[in-house]
Amino acid sequence: MTQEILGIHHVTAITGDAQKNVDFYVGLLGQHLVKVTINFDDLSSYHLYYGDDLGRPGTAMTFFAWPDAPQLSRERRRGTRLVTATTYAAPIGALSFWRERLQDAGVTTETVERFGKPVLSFEDPDGLAIEIVEQEGVESRPFWGGAGIKSEYALRGFHSVTMTHSDAALTQDFLSGAMQWKVIETQGERTRFQIGDGNQPGAWVDVLASSAMRGGMGPGFVHHVAWRVADDEAQKEWHEKIAKLGANISPVMERFYFRSIYFREPGGVLFEIATDKPGFATDEASDELGTQLQLPPWLEASREQISQALPRLQLPRGGILP
C-alpha cells in the first residue's frame, strides 16, 4: 500500500514585486522569511519562502518573483484549472484581530460562511486570494512571533487550498481514488476532501465547480501546490503509482531543502510531491534563516553572475540583497 500523503507541504505562487511581497507576508501577516534563494529553473528570479519559525512543511508559502510578467485580471486569477485560494489556520477567537489588522493596513476584506465557519478573505499586493479560518487545536503548533503579533492570534500554517474547475468530477475522482482522500462535506458547488485524520497542517482540499473563464499565469497566480511525504521511499512509491496511471510525471528533482516530483492532476493543476527533509536549516543556522541569499552548491560558482541579475531587496532583519 502506498504511504499516505501527510498534508500540504507548501504552496508556490507568483509575485511581480519581491519587496512588496516580503513587506506583506512578514510585516503584515507575521510570517517568517525562512529562505531567500533563486528559482532553480530560472536563475534570474528570487524564490522566497515564508512559514513558521523553521518553515516546517505545512506552513511554507513560497513565491517566484517575476517582475516583468504581465498583470492578470481578477477573472483570470480566479479562473478554472487553478488553485484559487490558499487558507491559513488561526486559533479560535483570532478572526476579529485579523479583520481589524488588515483593514487598518488598507486591505479590503470579506467574511463568508463556509461549512458553518466564518472565513476571512482578502488579497495580497498581487491580487492573490488568501484566507484565514479559525481552527480548533492549532494553538499548540509552532509559529513565528513576528510583526508584534501575539501568540493567540498568530497564523499556524495552512488549513486548506481551493481548486476551481469547470469539470470538477475529474479532479474529485482523482482525489478520492488515486490520492486516497475522503469527501467529508459538500456545500453547493464546493466539495471538501480530508487528508489523513485531519489533525496535521493543510489537511483539507476544496474543489469548486465553476463556469468561470480559464485562468492565466502571472502575478497573483498559484504556480503549484506541493503535498508532503515523509521520505524518499514514500516519494518513490508515489512516483510509481502516478506513472502507472499514465500521467506525465517528472523525475525526482533536487530542491536542496526537499526533493520533488511534479505532475498535473486531471483538472490541470500542477501537483508536487515533496519530502519533509532535509528542511531549511540545511545551509543556515536556525536563528539566521532568511538573512542571506542562499544558493545550492552546484550554483555557488555563479554567485556573482546570479546576484547581478537580481533586483534590490531589503530584508526584514536588516541587510540588502543582492
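In the block above lies the structure referred to throughout.
All of the points below concern the structure found in this document. Everything numeric here is computed off the predicted structure, so don't read it as measured data.

Conventions adopted
- Residues numbered from 1 in each chain as written.
- Predicted model: local features only at pLDDT ≥ 70, side-chain atom pairs only at ≥ 80, totals over all residues.
- Heavy atoms only, no water.
- Helix = DSSP H or I, 4+ residues; strand = E, 2+ residues; numbered from the N terminus.
- Contact = heavy atoms within 4.5 Å.
- Patch = residues over 30% accessible without salt bridge, like charges linked within 9 Å, V, L, I, M, F, W, Y side chains within 5 Å.
- Areas by Shrake-Rupley, 256 points an atom, 1.4 Å probe, with all protein chains shown as cover.
- Salt bridge = Lys/Arg side-chain N within 4 Å of Asp/Glu carboxyl O.
- Lys, Arg positive; Asp, Glu negative; His and termini not counted.
- Charge placed at Lys NZ, Arg CZ, Asp CG, Glu CD.
- Buried < 20%, exposed > 50% of the residue type's maximum accessible area, 1.4 Å probe, protein only.
- Pairing = 2+ DSSP bridges.
- Axes fitted to C-alpha atoms, helices over the stretch in contact; angles between N-to-C directions.

A word on the environment of Val161. Along the chain, the position of Val161 falls in strand β9 (residues 158-165). The spatial distance from the C-alpha of Val161 to the C-alpha of Gly279 is 22 Å, given a sequence separation of 118 residues. Not counting residues within four places of it along the chain, the set of residues in contact with Val161 comprises Ile8, Val11, Val83, Ala85, Thr86, Trp204, Val205, Asp206, Val225 and Trp227.

This part takes up the environment of Leu95. Checked against the element boundaries, Leu95 lands in helix α3 (residues 95-104). As for Leu95 and Val119, which are separated by 24 residues in sequence, their C-alpha atoms are 8.2 Å apart. Among all residues touching Leu95, those that are not within four sequence positions of it are Pro118, Leu120, Ile132, Val133 and Glu134.

Turning our eyes to something else, we now look at a positive patch on the surface. A cluster of like positive charges, contributed by Arg76, Arg81, Arg214 and Arg264, occupies part of the molecular surface. On the secondary structure map, Arg81 appears in the loop between α2 (74-77) and β5 (82-90). Classification of Arg81 by relative accessible area gives partly exposed; the value is 33%.

A full pass over the atoms with the stated rule returns 15 salt bridges. Ionic pairing is found between Lys35 and Asp283, a salt bridge with its closest N-O pair at 2.6 Å. Note that Lys35 is positioned in strand β2 (residues 32-39) and Asp283 in the loop between β16 (270-275) and α6 (303-308), a separation of 248 residues in sequence. For Glu123, the salt bridge identified is with Arg77, shortest N-O distance 3.6 Å. One end of the pair, Glu123, is in strand β7 (residues 117-123); the other, Arg77, is in helix α2, and 46 residues separate them in sequence.

With that settled, consider the sheet that holds strand β11 (residues 190-194). Paired through their backbone hydrogen bonds, the strands of a sheet run either parallel or antiparallel. Here 8 strands make up an open sheet; going across it, the order is β6-β7-β8-β5-β9-β12-β11-β10 and the pairing mixed. Edge positions in the sheet fall to β6 (110-114) and β10 (182-187), since each of these pairs with one other strand and no more. Direction aside, the axes of adjacent strands within the sheet are offset by 25 degrees on average. Along the sheet face, helix α4 (residues 168-176) touches β9, β11 and β12 (204-209) and points at about 160 degrees away from the line of β12.

Turning our eyes to something else, we now look at the sheet that holds strand β14 (residues 253-254). Within the open sheet, the 8 strands sit side by side as β2-β3-β4-β1-β13-β16-β15-β14. Their pairing is mixed. Looking at the sheet topology across the chains shown, the edges are occupied by β2 and β14. Sheet topology places strand β13 (residues 222-229) next to β16; 5 bridges connect them, and they run parallel. Bridging across to β16, Val225 finds its partner in Phe271. On top of the sheet, helix α1 (residues 18-28) reaches β1 (8-15), β2, β3 (42-51) and β4 (60-65); it is set at about 10 degrees to β3, its chief contact.

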